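# A closer look at the structure
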Amino acid sequence: MHIETLRRYPVKSLLGEELPESEVDERGLAGDRARAVLDVATGKIASAKNPRLWRDLLTLDGAAPPGDEELSRLLGREVRLIDVPPEGAELERSVPERVLAEGIEAEVPYTVGTLGAGAPPGTFFDFAPIHLITTAALATIGALGPRGRVEAARYRPNLVIAAEGEGFPENDWVGRRLHVGADVVLEVIVASPRCAVPTLAHGTLERDPDALRTVARHNRVPVFGTGPQPCAGVYARVSHPGLVRKGDPVRLG
């Protein structure tokens, strides 16, 4: 196995950028989720997980976002770019199945969660600082869906790992270690439950409801004692820092 693609997302829920290499420490890839958009009216972190309000975040370049005034005009709400989360920062996650059934403009139920249970304090990660997915999983999702392919960018991974075979091999990595390149060691924590984000337009990529629908049909995995959830990829924490590069070998420890 090896790293096929390395990506970071400088602003939470905005478009990311591909990297040739990156330092990795307990806070993930250098510069990943360094900032976020704050909804001034609610005090919550803006997230495309609530597509009715925030899907337009995925049209913006996270490496060069506009200032607060222009962002507020583009999004139709008063927002601010922040680099330190408010204490107890929360975000809204629309129920994915309801988004699929009723559409991205519908007012559907949502849950409210706090940031980064599996990440260091003061970060903007939904859960953990590293998200990865395999080429095997992406090929399987694509083959099972009507388009015959699915783009990795829809799932917003930090690492796309080239892995042979079919199915979702990373499901079996939970509780194990991944050695990446010469120094980095990742501890795989849990499968990644998917929200509505993969279905949304990402920059030039058009909407694709099957990016979630196919996963919901073919890869439901129990997550932290809950019932089976539609999952693609896994979350990990960093147990040993270092430099990673595109093409670096990856092995299970």
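The notes below deal with the structure included here. These numbers were taken from a predicted model, which means no experiment stands behind them. (Residues numbered from 1 in each chain as written. Predicted model: local features only at pLDDT ≥ 70, side-chain atom pairs only at ≥ 80, totals over all residues. Heavy atoms only, no water.)

### Overview of the pairing of strand β14 (residues 228-240)
- Across three bridges, the pairing between strand β9 (residues 130-134) and β14 is antiparallel. Looking across to β14, one finds that His-131 is bridged to Tyr-235.
- Judged from the three bridges that link them, strand β13 (residues 220-222) and β14 form a sheet pairing that is antiparallel. Residue pairing for β14: Val-221 is matched across the bridge by Gln-229.
- Remark: five residues form the turn of the hairpin made by β13 and β14, two consecutive strands paired antiparallel; Phe-224 in that turn has positive phi of roughly 50 degrees. (Pairing = 2+ DSSP bridges. Helix = DSSP H or I, 4+ residues; strand = E, 2+ residues; numbered from the N terminus.)

### Focus: unusual backbone geometry
- Phi angles above zero are rare outside glycine, and Arg-156 is one such case at about 55 degrees.
- Along the chain, the position of Arg-156 falls in the loop between α4 (135-144) and β10 (159-162).
- Since its relative accessible area comes to 10%, Arg-156 is described here as buried.
- Here the phi dihedral of Phe-224 falls at roughly 50 degrees; this positive angle occurs in a residue that is not glycine. (Buried < 20%, exposed > 50% of the residue type's maximum accessible area, 1.4 Å probe, protein only.)

### So, the pattern of salt bridges
- The full count for this structure, using the stated rule, is 18 salt bridges.
- The partner of Arg-98 in a salt bridge is Glu-102, and the shortest N-O contact between them spans 2.5 Å. Placement of the pair is Arg-98 and Glu-102 together in helix α3 (residues 96-102), with a separation of four residues, close to one helical turn.
- Arg-213 is the partner of Asp-210 in a salt bridge, and the nearest nitrogen-oxygen pair spans 3.4 Å. Here Asp-210 pairs with Arg-213, and both are found in helix α5 (residues 210-218), just three residues apart, close to one helical turn. (Salt bridge = Lys/Arg side-chain N within 4 Å of Asp/Glu carboxyl O.)

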